Amino acid sequence: MSFRFSARSRRRMKGVHPALVEVMEEAIRRSPVDFMITEGLRSPERQAVLVRAGASRTSKSRHLTGHAVDVAALIDGKVRWDWPLYPRIALAVKAAAHERGVPIVWGGDWPTLRDGPHFELDRRVFP
Ligand SMILES: [Zn+2]
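Thresholds applied
Residues numbered from 1 in each chain as written. Predicted model: local features only at pLDDT ≥ 70, side-chain atom pairs only at ≥ 80, totals over all residues. Heavy atoms only, no water. Buried < 20%, exposed > 50% of the residue type's maximum accessible area, 1.4 Å probe, protein only. Helix = DSSP H or I, 4+ residues; strand = E, 2+ residues; numbered from the N terminus. Pairing = 2+ DSSP bridges. Polar contact = N/O pair within 3.5 Å; in protein donor to acceptor, adjacent residues only side chain to side chain. Contact = heavy atoms within 4.5 Å. Phe/Tyr/Trp six-rings, centres within 6.5 Å; stacked < 30°, edge-to-face > 60°. Core = buried A, V, L, I, M, F, W, Y, C linked by side-chain atoms within 4.5 Å. Donors = N, O, S within 2.8 Å, 3.2 Å for Na, K, Ca; no water. Salt bridge = Lys/Arg side-chain N within 4 Å of Asp/Glu carboxyl O.

A. Broad picture of the pairing of strand β5 (residues 118-121). Neither face of β5 is exposed, since H118 and E120 on one face and F119 and L121 on the opposite face are all buried. As paired strands, strand β2 (residues 68-75) and β5 are joined by 3 bridges and run antiparallel to one another. Paired with D70 across the bridge in β5 is H118. With 3 bridges connecting them, strand β4 (residues 104-106) and β5 associate as antiparallel partners. The residue bridging I104 from the neighbouring strand is L121, located in β5.

Okay, here's the thing in structure tokens:
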């Protein structure tokens with residue numbers, strides 16, 4: 001079974017770096033778990049709101065430059081936040097990224113403040 005992005009997910013990737021969009025488009029085709037894009041490019045105003053709410057720690061988020069996307073797992077079209085779904089999505093994203101030679105960092109691999117929904121282009125290659 002192969003999933004595909006909704007028009008809404010595609011709209012949310014507007015302004016996101018094309019290399020990351022390509023990786024996510026390939027990832028949705030090979031992921032065993034359906035997912036949607038919840039956020040891509042983020043305005044400084046929205047980032048400030050997220051930092052104030054405690055949802056983000058940094059004013060230098062990769063979302064501000066279109067180098068990051070957040071996803072939400074979908075089961076039968078409904079959003080699920082169960083942790084085990086996210087490593088499965090991440091495997092598909094990593095495989096797609098590897099195939100394209102695009103280095104990706106998954107927030108779920110961070111040792112502190114693990115962020116399962118978050119994927120970004122590696123700063124060392126995409127500053
Ligand atoms: Zn994020």
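Now that the structure has been shown, the text picks up again.
B. Structural view of the side chain of H63. By secondary structure assignment, the location of H63 is in the loop between α3 (44-53) and β2. Judged by its relative accessible area of 2%, H63 falls in the buried class. At 3.4 Å, the side chain of H63 and the backbone oxygen of A68 are in polar contact. In this structure H63 touches E39, G40, L41, R42, A68, V69, D70 and H118, once residues within four positions along its chain are discounted.

C. Structural context of the packing of aromatic side chains. Per the stated rule, a full pass over the model turns up 4 aromatic pairs. Ring centres of F5 and F35 lie 5.5 Å apart, and the angle between their planes is 80°; on these two criteria the pair is classed as edge-to-face. Linking F5 in the segment before α1 (7-12) with F35 in strand β1 (residues 34-39), this pair joins segments that are 30 residues apart in sequence. The residues F5 and F35 share a single accessibility class, namely buried. Where W83 meets W106, the ring centres are 5.8 Å apart and the plane angle is 20°; that geometry is what we call stacked. Linking W83 in the loop between β3 (78-80) and α4 (85-100) with W106 in strand β4, this pair joins segments that are 23 residues apart in sequence.

D. The nonpolar core, seen in detail. Residues M24, F35, I89, I104 and F119 are the most contacted members of the largest nonpolar core, which totals 32 residues. Going through the elements one at a time, α2 (18-30), β1, β2, α4, β4 and β5 are the ones with two or more residues in this core.

E. Examining the coordination of the zinc ion more closely. Taken together, H63 (NE2), D70 (OD) and H118 (ND1) make up the protein donors of the zinc ion, found 2.0 to 2.1 Å from the metal. In terms of primary sequence, the donors binding the zinc ion are separated according to H-x6-D-x47-H. One end of the pair, D70, is in strand β2; the other, H118, is in strand β5, with 48 residues separating them in the sequence. Pair check on accessibility: D70 and H118 agree, each one buried.

F. A look at the pattern of salt bridges. A complete count under the given rule lists 13 salt bridges for this structure. Measuring nitrogen to oxygen at the nearest pair gives 3.3 Å for the salt bridge that ties R30 to E26. With R30 and E26 both in helix α2 and 4 residues apart, the pair spans about one turn of that helix. A residue is classified by how much of its surface remains accessible, and R30, at 34% relative accessible area, is partly exposed. Classification of E26 by relative accessible area gives buried; the value is 13%. With a closest N to O distance of 3.8 Å, R62 and E120 form a salt bridge. Taken together, the residues R62 in the loop between α3 and β2 and E120 in strand β5 connect sequence positions 58 residues apart. Side by side, R62 and E120 carry an identical accessibility label, which is buried.

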